[in-house]
Amino acid sequence: MPWQESYETGITSVDLQHRRLFDRIERVHTFAQKKEYSEKEREEIRDIMADLENYVAAHFTLEERLMQDNNYPQLEEHIREHEKFTEKINSLMSSLEGTLAGEDAKINEFLQDLSHFLENWLKGHILVKDFAYVPYIKSEH
Ligand SMILES: [Fe+2]
């Protein structure tokens, strides 16, 4: 699912981060198409996951600050969605090392699960819930 101009919220800082998230999600998607994973690729998957976890946390912090500063009325609901996402990522992270040490098929299953989750989240959260706060953001600072 490549980035499209219609995904832009018009909020520069949010769009920059969303674009980078899309790039990371594309990488997960590419790895999920493979059937075998070399040692080097397993390392890369580990790096992508750590990077995704950190990047998403930073992105949620930015969004929540923007919504709070601009008195977005659905702030609490939006934060709950971020929490649900974080819980899912945490649970995937807790099984990551065991998965990477195991069979190719298990890694593929893990990546398929992650890839579907991320894609649904893009469609259901970024393109719906994030767009809902856009009209409320009068200032980015
Ligand atoms: Fe969000």
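A brief structural summary. Worth saying up front: this structure is predicted, and the values here are computed from it rather than measured. (Residues numbered from 1 in each chain as written. Predicted model: local features only at pLDDT ≥ 70, side-chain atom pairs only at ≥ 80, totals over all residues.)

Some details on the nonpolar core
So, point 1. The biggest cluster of nonpolar side chains holds 11 residues, and these are Ile 25, Phe 31, Ile 45, Met 49, Leu 52, Ile 107, Phe 110, Leu 111, Leu 114, Leu 118 and Trp 121.
So, point 2. With 6 residues, helix H4 (residues 104–133) is the largest single contributor of residues to this core. (Core = buried A, V, L, I, M, F, W, Y, C linked by C-beta atoms within 7 Å. Buried ≥ 20, exposed ≤ 12 C-beta atoms within 10 Å, placed from the backbone. Helix = DSSP H or I, 4+ residues; strand = E, 2+ residues; numbered from the N terminus.)

Overview of the packing of helix H3 (residues 75–100) against H4
So, point 1. Where H3 contacts H4, the axes come no closer than 11 Å and their chain directions differ by 165°. The angle between H3 and H4 places the two elements in the roughly antiparallel class. Handedness of the crossing formed by H3 with H4: left-handed. Contacts between H3 and H4 involve His 78, Glu 81, Phe 85, Lys 88, Leu 92, Thr 99 and Leu 100 on the former and, on the latter, Lys 106, Ile 107, Phe 110, Leu 114, Phe 117, Trp 121, His 125, Lys 129 and Tyr 133. (Axes fitted to C-alpha atoms, helices over the stretch in contact; angles between N-to-C directions. Parallel < 35°, antiparallel > 145°, perpendicular 65-115°, else oblique. Left-handed = near helix turned anticlockwise from the far one by under 90°. Contact = placed C-beta atoms within 7 Å.)

Observations regarding helix H1 (residues 12–32)
So, point 1. Compared with an ideal rise of 1.5 Å per residue, which puts 21 residues at 30 Å, H1 spans 30 Å between its outermost C-alpha atoms and is within 8% of the ideal.
So, point 2. Turning to H1, its buried residues number three or more, namely Val 14, His 18, Ile 25 and Phe 31. Seen end-on, H1 carries its buried residues on one side only, within an arc spanning 130°. Seen from the buried face of H1, the exposed residues on the opposite side, beyond 90 degrees, are Thr 12, Leu 16, Arg 19, Asp 23 and Thr 30.
So, point 3. Among the structural elements, helix H2 (39–69) and H4 are those in contact with the buried residues of H1. (Expected span 1.5 Å × (residues − 1). Arc of directions from axis to C-beta.)

With respect to the environment of Phe 131
So, point 1. Residue placement: Phe 131 occurs in helix H4.
So, point 2. Judged by local crowding, Phe 131 falls into the partly exposed class, with 13 C-beta atoms found within 10 Å.
So, point 3. Separated by 74 residues in sequence, Phe 131 and Ala 57 place their C-alpha atoms 19 Å apart.

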